[in-house]
Amino acid sequence: MKKFSAVLLILVLAAAMTVVSCGQRAGSLIGIAMPETHVMRWVKDGNSLVEEAKKLGYRAEVQYGDANQGTQNQQIQSFLTQGAKALIIGCINDGVAPVITEAAREGVVVIAYDRLIQNSADYDFYITFNNFKVGQLQGQSIVDGLNLDSATSAAPKFITLFAGSPTDGNAFFFFDGAMSILNPYIDSGALRVVGPYPRTSDDRANFQRIATENWQAPIAKTRMENLLSNDARAVTLDAVLAPNDTLARAIIEALRADAKYRGNLPVVTGQDAEFASAMSIRNGEQFSTVFKDTAKLAEAAILLADQALRGVPINIPGAVLAADIGLAEIGDTGRKVVHAYLLDPILVTRDNLNVMIEAEFYERHEAVQLQ
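These remarks concern the structure in this document.

**Comments concerning the overall build of the protein chain**
Looking only at helices and strands, the protein chain has 13 helices and 13 strands in total. For the protein chain, whose C-alpha radius of gyration is 23 Å, the value lies close to the compact-globule estimate of 21 Å for 371 residues. Based on the C-alpha atoms only, the size of the protein chain along its principal axes is roughly 85 × 40 × 40 Å. The burial tally for the protein chain puts 53% of its 371 residues in the buried class. Looking at the protein chain, you have 32 positive and 41 negative side-chain charges, and the mean spots of the two groups are 2 Å apart.

As structure tokens, then:
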């Protein structure tokens, strides 16, 4: 009888905990602030985050900041006014910090989503992919695409460098990861840089010269056109380090307008596995992209928010804590080192485009076109 009573007590307690947990979720708002819509991955992310939040019983709303931090701050303040219990923020720049402070005062859980919120000590969580590895994969695709291990200083390959937005902390990790792979070939003379050459992002002056404000494709296209008319006029480029797919396609557009490249495009990297770039890779134009399964990132972010709100130990399947693999600096905001959770990216070339199809990353009609 005592054993039966003990079992019954355990079941009652478990049921009570479930009711409390569900009660914490029911009707609670998670505010989702994404930076822009001109990069399609943010639209996908916003939709996925809302869907995953609703699966767990939360209310969820997404807003897009139109690449304007003032606009995004107003959207976040609106979430706070509505009583949001958690905020998931893909910020535009560190101008978001004041509203993060406001959220902290109200006890709201804040998760920096895929972009670290700089210059703030008022939040604890950051979830992203291993962005240094993203850059390493981009660099390695150039090594493989150009067969750099067989290149020599007597017959070097030529590359020009692009970086992402200087207001996005990820842009520095992407670039440094890529250059950790490429610098040895540059040092040996097998690879020569055309245009500005920051050896790492610590060379802020030269990094600024290759950076692309707000990830805007027209800026990258114009810079590529200027390079072709000036620094790269007397050489044929063999590769372009492009930090994401949107910029890669703009760079390729500029290259295709130059008669020298119409039938012989350089190796051009990318990131985000956007459908248009997947088609470009299939057609032999863009060389590679880096697939970051943002559906899994969205699922992980909502799971992180849920665990933080319920005050249970954080356990995100498929993610590692950056500090556990020697990359704690990924979570360094300049004011605090937050807990950074990292998912793994995948390099994609023409040989493995099926990776995104198998992950159901694209709409069905898009997947059919890729096959």
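Structure shown, so let's carry the discussion forward.
**Looking at empty space enclosed by the protein**
One pass over the full model with this rule turns up four cavities of 30 Å³ or more. Approximately 130 Å³ is the volume found for the largest cavity. In this structure, the largest cavity is lined by 14 residues; those nearest its centre are Arg41, Trp42, Asp168, Trp215 and Asp272. Listed by contribution, the elements that provide at least two residues to the lining of the largest cavity are α2 (40-55) and α6 (169-188). A class-by-class count of the residues in the lining of the largest cavity yields four nonpolar, three polar and seven charged.

**Here we look at the packing of aromatic side chains**
Inspection of the entire model under this criterion finds six aromatic pairs. For the ring pair Phe172 and Phe207, a centre distance of 4.8 Å and an interplane angle of 25 degrees mean the geometry is stacked. Taken together, the residues span a long stretch of sequence, with Phe172 in helix α6 and Phe207 in helix α7 (residues 204-210) at a distance of 35 residues. Assessed through its relative accessible area of 1%, Phe207 is described here as buried. Among the aromatic residues, ring-to-ring pairing joins Phe275, Phe291, Phe361 and Tyr362 into one connected group. When the ring centre of Trp42 is taken as reference, the NZ or CZ atom of Arg41 above it lies at 4.1 Å.

**Structural notes on the pairing of strand β6 (residues 157-161)**
Within β6, four of the five residues are buried, which leaves it mostly tucked inside the rest of the structure. As paired elements, β6 and strand β7 (residues 191-193) share three bridges and run parallel to each other. Bridge pairing in β7 places Phe158 opposite Arg192. As a crossover connection, the stretch from β6 through α6 into β7 is right-handed. Pairing of β6 with strand β8 (residues 239-241) involves three bridges; the strand directions are parallel. Following the sheet pairing, Thr160 is matched in β8 by Val240.

**Brief notes about helix α8 (residues 217-229)**
End to end, α8 covers 19 Å across 13 residues, agreeing with the expected 18 Å (1.5 Å per residue, within 8%). Where α8 is concerned, the buried positions are Ala217, Ala220, Arg223, Met224, Leu227 and Leu228. Buried residues along α8 cover an arc of 140 degrees about the axis, so they all sit on one side. The inward-facing, buried residues of α8 abut β6, α7 and α9 (245-256).

**Thoughts on the environment of Val235**
Following the sequence through the fold, Val235 ends up in the loop between α8 and β8. Sequence separation of Val235 and Val193 is 42 residues, and the distance between their C-alpha atoms is 11 Å. If sequence neighbours within four positions are ignored, Val235 has contacts with Phe158, Val194, Lys260 and Tyr261.

**Remarks on the environment of Ala155**
Checked against the element boundaries, Ala155 lands in the loop between α5 (131-146) and β6. Placed 106 residues apart in sequence, Ala155 and Leu49 show a C-alpha to C-alpha distance of 49 Å.

**Considering unusual backbone geometry**
Residue Asn119 is not a glycine yet carries a positive backbone phi of 60 degrees. Counting through the fold element by element, Asn119 comes out in the loop between β4 (109-113) and β5 (125-129). At Ala273, a position not held by glycine, the phi torsion is positive, near 55 degrees. Mapped onto the elements of the fold, Ala273 is located in the loop between β9 (267-268) and α10 (275-282). For Ala273, a relative accessible area of 1% gives the class buried.

**Observations regarding the sheet that holds strand β1 (residues 29-34)**
Read across the sheet, seven strands follow the order β2-β1-β3-β4-β5-β12-β11 without closing on themselves; strand pairing throughout is mixed. Across the chains shown, the open sheet's two edge strands, defined by having one partner strand only, are β2 (59-64) and β11 (320-321). One ladder, built from four bridges, connects β1 with strand β3 (residues 86-89); its direction is parallel. By the bridge assignment, Ala33 is partnered in β3 with Ile89. Sitting on the sheet, α2 is in contact with β1, β2, β3 and β4, with an inclination near 170 degrees to β2.

**Looking at helix α4 (residues 97-105)**
Quick reminder: α-helices carry 3.6 residues per turn. Residues three or four places apart thus point the same way. The complete set of buried residues in α4 reads Ala97, Val99, Ile100 and Ala103. Projected onto a plane normal to the axis of α4, the buried residues spread over an arc of 160 degrees and lie on a single side. Exposed residues pointing more than 90 degrees away from the buried face of α4 are listed as Pro98 and Arg105. Where α4 is buried, its residues touch α3 (69-81), β3 and β4.

About the criteria used
- Residues numbered from 1 in each chain as written.
- Predicted model: local features only at pLDDT ≥ 70, side-chain atom pairs only at ≥ 80, totals over all residues.
- Heavy atoms only, no water.
- Helix = DSSP H or I, 4+ residues; strand = E, 2+ residues; numbered from the N terminus.
- Rg over C-alpha atoms; globule rule 2.2 N^0.38 Å.
- Buried < 20%, exposed > 50% of the residue type's maximum accessible area, 1.4 Å probe, protein only.
- Lys, Arg positive; Asp, Glu negative; His and termini not counted.
- Charge placed at Lys NZ, Arg CZ, Asp CG, Glu CD.
- 1 Å grid on protein atoms, 1.4 Å probe; cavity = no way out; pocket = protein on both sides within 12 Å on 5 of 7 lines; lining within 4 Å.
- Points joined across faces, edges and corners; volume = space filled by probe spheres on them.
- Nonpolar A, V, L, I, M, F, W, Y, C, P; charged D, E, K, R; others polar.
- Phe/Tyr/Trp six-rings, centres within 6.5 Å; stacked < 30°, edge-to-face > 60°.
- Lys NZ or Arg CZ within 6 Å of the ring centre and 35° of its normal.
- Pairing = 2+ DSSP bridges.
- Right-handed = clockwise from strand over helix to strand, strands pointing away.
- Expected span 1.5 Å × (residues − 1).
- Arc of directions from axis to C-beta.
- Contact = heavy atoms within 4.5 Å.
- Axes fitted to C-alpha atoms, helices over the stretch in contact; angles between N-to-C directions.

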